Amino acid sequence: MSKFIQLEVNTGAAKTWILLERTSKVAEIFTKVAKMYAIDRQLNNIMLSNQGRYLPFSQCESLGDYGLTHLSKLDLQVALPGGIWPLTAIKARKADLRPLPGFITVTTSPAEPDMISLEADPDEKRARMPCGHVIGPSSMTSYCRSLLSEGKFKFLCPSVDSKTGNSNCDKQWEYFLVRHVACLSIEENQEFEKKISENYLKKAEGLQQCPSCTVWCFKDSKMGNFVRCPMCKTGFCWACLRDWIASNNSRNCGNLDCDGRENREKILTECPPKKIHGCADCPSIRACPKCLLLVEHKDRCGHMNCPGCQYGFCFICMKGKTSSGAWPCSYLGNCPLAPRQAVDRLSSLTTEMRLVDV
């Protein structure tokens, strides 16, 4: 059974979803809702009900004490001076979701419902992610905001088995895909990028969660893709985060669709090219030379600041700003095109990892 459950929150004008551990206390629902809608609990009294039964702000009682299970529905109201009003001012997202060639297709088919809301409105567009699962803009926004509020910076597919509630995917989505599907506003994008940067710096590069026990682990730079969790002793592939089914001294994990490359490297080498001013064949996605955050070029010239660490570099030649803050090349795009980036593939194989305190 999965350790997480999803709860539907109905505002009267829109529906959103929050992710909680099964062992969470009821008070955590109030805290998440307050953050999601920017409600000041000092001025407004949040009221949540399930099938007509109002929930208390309890630090002691758990979700199970009130019969809240996976996909339970909650109605949200806010008590304001003068009475209680549903949050009808919260508008459902009506974004123009577009396909992203090579990564995302769009569907309105009733046979392909949103994996979180389970809704399949033929008038609302939903994205078919690279892993094959379907999600809409509102669900993507709510789900990812929930992850960021928990201190996470990786976005894993939340698809679960409808009968058991267990996760059946956990493929990682890069942020440029998340941003595209969520159709974020400028303010929301700034909010997300700030939280990603903060959470990323807390966790640091080189950390992964064991797919078995979820403990955070650090991989030494001399290690290959076969690693063993120091906590539960599970052997898994660092690239695809699945069980290592080949022999321990093999260079490949044995999973048919894993070629030993990390997801980031695949995106960097396979993203479509685009024209940026005078450069006709520039990769549309680059990794920041400083913090390695994947950045998608949208428009204008190739000069940009990384949304994660604010490092300034040219998307075409990949050279950074000088110590005086000057750009090393012209914005016209006539500088030498840097080759596509690739993550170094390490050949040495060891079988141990060390646990880190994060």
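Scroll up a little and you will see the structure.
Residues numbered from 1 in each chain as written. Predicted model: local features only at pLDDT ≥ 70, side-chain atom pairs only at ≥ 80, totals over all residues. Heavy atoms only, no water.

A. How the structure looks around the environment of Ala-111. With respect to the helices and strands, Ala-111 occurs in the loop between strand 7 (105-107) and strand 8 (126-128). Overall, the relative accessible area of 66% leaves Ala-111 in the exposed class. Distance from Ala-111 to Pro-122, taken between C-alpha atoms, is 9.7 Å for residues 11 residues apart in sequence. (Helix = DSSP H or I, 4+ residues; strand = E, 2+ residues; numbered from the N terminus. Buried < 20%, exposed > 50% of the residue type's maximum accessible area, 1.4 Å probe, protein only.)

B. Region of the structure containing helix 3 (residues 175-182). Counting buried positions over the eight residues of helix 3 gives eight, a clear majority of the element. Every buried residue of helix 3 is listed here: Tyr-175, Phe-176, Leu-177, Val-178, Arg-179, His-180, Val-181 and Ala-182. Where helix 3 ends, the next residue or the one after it, Cys-183, has phi of about 50°, a positive value.

C. Focus on the pattern of salt bridges. Taken as a whole, this structure holds five salt bridges when the rule is applied. Across the salt bridge formed by Glu-188 and Arg-145, the nearest N and O atoms sit 3.9 Å from each other. Of the two residues, Glu-188 is situated in helix 4 (residues 186-203) and Arg-145 in helix 2 (residues 137-149); the sequence distance between them amounts to 43 residues. Each member of the pair, Glu-188 as well as Arg-145, is classed as buried. For the salt bridge of Arg-179 with Glu-193, the shortest nitrogen-to-oxygen distance reads 4.0 Å. (Salt bridge = Lys/Arg side-chain N within 4 Å of Asp/Glu carboxyl O.)

D. Broad picture of unusual backbone geometry. With phi around 65°, Leu-118 is a residue other than glycine that occupies positive phi space. Relative to the helices and strands, Leu-118 resides in the loop between strand 7 and strand 8. One non-glycine residue with positive phi stands out, namely Cys-183, at about 50°. For Cys-183, the location among the structural elements is in the loop between helix 3 and helix 4.

E. View of the nonpolar core. Of all hydrophobic cores here, the largest spans 35 residues; its most connected members are Phe-103, Met-129, Met-140, Phe-155 and Trp-173. Looking at this core, the elements with two or more residues in it are strand 2 (15-21), helix 2, helix 3, helix 4, helix 5 (263-270) and strand 18 (285-287). Ranked by residue count, the leading element in this core is helix 3, at six residues. In contact with Trp-173, other than residues within four places in its own chain, are Met-115, Met-129, Cys-131, Ile-135, Met-140, Tyr-143, Phe-155, Cys-157, Pro-158 and Val-178. (Core = buried A, V, L, I, M, F, W, Y, C linked by side-chain atoms within 4.5 Å. Contact = heavy atoms within 4.5 Å.)

F. Structural context of the pairing of strand 2. Within strand 2, five of the seven residues are buried, leaving the element largely enclosed by the surrounding structure. The pairing of strand 1 (residues 4-10) with strand 2 spans seven bridges and is antiparallel. Each bridged residue has a counterpart across the sheet, and for Glu-8 the counterpart in strand 2 is Trp-17. (Pairing = 2+ DSSP bridges.)

G. Looking closely at the pairing of strand 17 (residues 279-283). Note: strand 16 (residues 273-276) against strand 17, three bridges, orientation antiparallel. The residue bridging Ile-276 from the neighbouring strand is Cys-279, located in strand 17. Hairpin connection of strand 16 to strand 17: two residues between the antiparallel strands, including His-277 at a positive phi of 55°.

H. Molecular detail of the sheet that holds strand 8. Overall, antiparallel pairing links the three strands, which are arranged 7-8-9 in an open sheet. At either end of the open sheet lies a strand with only one pairing partner, and these are strand 7 and strand 9 (134-135). Taken together, the three bridges between strand 7 and strand 8 define a ladder with antiparallel strand orientation. Bridge pairing in strand 8 links Val-106 to Ala-127.

I. Local environment of the packing of aromatic side chains. Scanning the entire structure with this criterion turns up five aromatic pairs. Taken together, a centroid distance of 5.0 Å and an interplanar angle of 65° make the contact between Phe-226 and Trp-244 edge-to-face. Here Phe-226 is found in strand 14 (residues 226-228), whereas its partner Trp-244 is found in the loop between strand 15 (235-237) and helix 5, with 18 residues between them in sequence. The pair formed by Phe-226 and Trp-244 is uniform in burial state, with each residue classed as buried. (Phe/Tyr/Trp six-rings, centres within 6.5 Å; stacked < 30°, edge-to-face > 60°.)

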